[in-house]
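Descriptive structure summary
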Amino acid sequence: MDKTDVKYGAYVQILKEELVPAMGCTEPIALAYVAAKARDVLGAVPDRVLIEASGSIIKNVKSVIVPNTDHLKGIPAAAAAGIVAGKAEKELEVISSSTKELRQEMREFLAGTPIEVRHIDNGLTFEIVVTVYNKDSYAKVRIVNYHTNIVLIEKDGEKLFEIEVKGEDEEGLTDRTLLDMQSIWDFINTVDIEDIRDVLARQIEYNVAISEEGLRGDYGANIGSVLLNMEGDSVRTRAKARAAAGSDARMNGCELPVIINSGSGNQGITCSLPVIEYANELNAGEEKLYRALALSNLTAIYQKTGIGRLSAYCGAVCAGAAAGTGIAYLCGGGYEEITHTVVNALAITSGIVCDGAKASCAAKIAAATDAGILGYNMYICGQEFCAGDGIVTKGADETIRNVGRLGKEGMRETNDEIIDIMIGCAC
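What you see is a predicted model, and the numbers here were worked out from it, not measured in a lab. (Residues numbered from 1 in each chain as written. Predicted model: local features only at pLDDT ≥ 70, side-chain atom pairs only at ≥ 80, totals over all residues. Heavy atoms only, no water.)

Tracing the sequence through the fold places isoleucine 276 in helix 11 (residues 273–281). Residue classification places isoleucine 276 among the buried positions, given a relative accessible area of 6%. Put simply, isoleucine 276 and glycine 326 are 50 residues apart on the chain and 9.2 Å apart in space, counted from C-alpha to C-alpha. Discounting chain neighbours no more than four positions away, the residues touching isoleucine 276 are Ile204, Val208, Leu289 and Leu293. (Helix = DSSP H or I, 4+ residues; strand = E, 2+ residues; numbered from the N terminus. Buried < 20%, exposed > 50% of the residue type's maximum accessible area, 1.4 Å probe, protein only. Contact = heavy atoms within 4.5 Å.)

Structure representation (structure tokens):
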């Protein structure tokens, strides 16, 4: 692919837009970001807070620990963290500057400030509206469709900023419909590494660091350590364990940032760490590792484009299948191998549902990574799932489209049921 090709520039930009740092699970951090922005607009510490959120936001914030809060959990905690310690200009690292004193202030704020949470349904999967009050003054900030997409800033009846919301279109981002498997393959084989070096080097640095912390510490169910203790030290086990350990730490309060993919730290972890582990095992070298990571990241983004940022479809499935393509490339696979890998992997794990961010995400990541590796191993052994096997159809692009339809349209009611179950669960 030539640098003058419109897709070349688009793919470089897509990687820059998607592979950004975030501290903690991205939905509670998005909520903290909106709350911090609303506090800035208000110009005072609020004495009352109203949080309105779509069901998928509630699902993904309810059960996860918010980092830099001394293990506070849930929607009011995320908002309190943003209001007390947030620096909105840092976006998804909004609460990275929290201190011991500020964490105590968060607890005091939660104890002394009324915080109301409402479930809203405006036909948008991703929506957060935070309104903060101080006496007779108020400020309102709204984001939709992705984690930093502010579409409304309002104060005391005056709209200071407003963007028209056109359904679930991701306005302001590079056109993801330019993605397809053949073009992704052409791009990763011809891209000037210097054009993607910085973004991928940061992904390696950040995600390896949180994986190592996950294996050192005691986080959640310690899935990464369980895998290494029970399944041995093969590269396949290490690939799964590395990814799971990153999620162990991230879902359970670790304060290290990660580089996300498609708005998700777990997906960023899953489509990078297994590829890095295989590259180390195979002594692949820096250039081949970077091309493999570009392949994995873009394949994950491509799959998620049809599904959307949030769904009842587990995003780790997409990332695990994508990691399989990167591993296939490192092992010498060509276009046939990588496309069959992604199709085989999707046929194995597309039934995994997303029931919010929490400790068990690490185990789902391990399963999705294993499916990605199995998808490649099937092909090199002359085995494959064929068109007509369930949602599998002829060609990787068509199968990915089927998965997008399943995740976005087919699982809408499933998502509603999951949300109802989680909201009603007292545990």
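Read on for the rest.
Time to look at the packing of aromatic side chains. How two aromatic rings sit relative to each other is set out by the distance from centre to centre and by the angle between their planes. Throughout the structure, instances matching the rule amount to five aromatic pairs. Seen from their ring centres, tyrosine 11 and phenylalanine 187 are 5.4 Å apart, and the 75° between their planes marks the pair as edge-to-face. Here the residue tyrosine 11 occupies a position in helix 1 (residues 6–18), and phenylalanine 187 occupies one in helix 6 (residues 181–190), the gap between them amounting to 176 residues. Judged by relative accessible area, tyrosine 11 falls into the buried class, the value being 0%. Each ring, one from tyrosine 133 and one from tyrosine 138, has its centre 6.3 Å from the other, and the planes form 40°; the classification is tilted. (Phe/Tyr/Trp six-rings, centres within 6.5 Å; stacked < 30°, edge-to-face > 60°.)

Following both chains from N to C, one finds helix 12 (residues 286–307) and helix 13 (residues 315–330) inclined at 150°, their axes separated by 8 Å at the closest point. Taken together, helix 12 and helix 13 sit at an angle that is classed as roughly antiparallel. You can see that helix 12 and helix 13 cross each other, and the crossing is right-handed. Touching Lys288, Leu289, Arg291, Ala292, Leu295, Ser296, Thr299, Ala300, Gln303, Lys304 and Ile307 of helix 12 are Gly315, Cys318, Ala319, Ala321, Ala322, Ala323, Thr325, Gly326, Tyr329 and Leu330, all from helix 13. Each residue belonging to the contact of helix 12 with helix 13 can be placed in one class, and the counts come to twelve nonpolar, six polar and three charged. (Axes fitted to C-alpha atoms, helices over the stretch in contact; angles between N-to-C directions. Parallel < 35°, antiparallel > 145°, perpendicular 65-115°, else oblique. Left-handed = near helix turned anticlockwise from the far one by under 90°. Nonpolar A, V, L, I, M, F, W, Y, C, P; charged D, E, K, R; others polar.)

Turning our attention to the side chain of glutamine 303. Along the chain, the position of glutamine 303 falls in helix 12. Relative accessible area serves as the criterion here: at 1%, glutamine 303 is assigned to the buried category. Those residues in contact with glutamine 303 that lie beyond four places of it in its chain are Cys318, Ala321, Ala322, Val342, Leu346 and Ile400.

Here the focus is the sheet that holds strand 7 (residues 158–162). Across the sheet, which stays open at both edges, the six strands sit in the order 3-2-4-5-6-7 with mixed pairing between neighbours. The open sheet has two edge strands with one neighbour each: strand 3 (115–119) and strand 7. Put simply, the sheet's adjacent strands are angled 10° from each other on average, direction ignored. Packed onto the sheet, helix 2 (residues 26–42) meets strand 2 (48–53), strand 4 (127–134), strand 5 (137–144), strand 6 (150–155) and strand 7 and runs at close to 35° relative to strand 4. Sheet strands in contact with helix 4 (residues 75–85) are strand 2, strand 3 and strand 4, and its direction is about 125° off that of strand 2. (Pairing = 2+ DSSP bridges.)

Our next topic: the nonpolar core. In terms of nonpolar packing, the biggest core is built from 121 residues, with Ile128, Val130, Ile184, Phe187 and Ile196 touching the most fellow members. Ranked by residues supplied to this core, first place goes to helix 2 with eleven residues. Here isoleucine 196 is in contact with Val12, Leu15, Phe187, Val191, Tyr290 and Ala294, once residues within four sequence places are set aside. Ranked by size, the runner-up nonpolar core spans six residues in total, among them Ile223, Leu227, Ala244 and Ala366. (Core = buried A, V, L, I, M, F, W, Y, C linked by side-chain atoms within 4.5 Å.)

Here glutamate 52 lies in strand 2. Arginine 118 provides the closest opposite charge to the buried, salt-bridge-free glutamate 52, at an N-O distance of 4.1 Å. Those residues in contact with glutamate 52, other than ones at most four positions away along the chain, are Arg118, Ile120, Glu127, Ile128, Val129 and Thr131. (Lys, Arg positive; Asp, Glu negative; His and termini not counted. Salt bridge = Lys/Arg side-chain N within 4 Å of Asp/Glu carboxyl O.)

Another point: a negative patch on the surface. Among the surface-exposed residues, Asp121, Glu413, Asp416, Glu417 and Asp420 lie close enough to one another that they form a single negatively charged patch. With respect to the helices and strands, the residue aspartate 121 is situated in the loop between strand 3 and strand 4. (Patch = residues over 30% accessible without salt bridge, like charges linked within 9 Å, V, L, I, M, F, W, Y side chains within 5 Å. Areas by Shrake-Rupley, 256 points an atom, 1.4 Å probe, with all protein chains shown as cover. Charge placed at Lys NZ, Arg CZ, Asp CG, Glu CD.)

Attention now goes to helix 7 (residues 197–216). Count 3.6 residues to each turn of an α-helix, and residues three or four apart come out pointing the same way. In this model, helix 7 (20 residues) spans 28 Å end to end at C-alpha, consistent with the 28 Å of a helix rising 1.5 Å per residue. The set of residues buried in helix 7 consists of Val199, Leu200, Gln203, Ile204, Asn207, Ile210, Ser211, Glu213 and Gly214. (Expected span 1.5 Å × (residues − 1).)

A few words on the pattern of salt bridges. One pass over the full model with this rule turns up 29 salt bridges. A salt bridge links glutamate 18 to arginine 309; the shortest N-O distance between them is 3.0 Å. On the criterion of sequence distance, the pair formed by glutamate 18 in helix 1 and arginine 309 in the loop between helix 12 and helix 13 is long-range, its members being 291 residues apart. Residue classification places arginine 309 among the buried residues on the basis of a relative accessible area of 13%. Each member of the salt-bridge network shares a partner with another, and the members are Glu17, Glu18, Glu170, Arg176 and Arg309.

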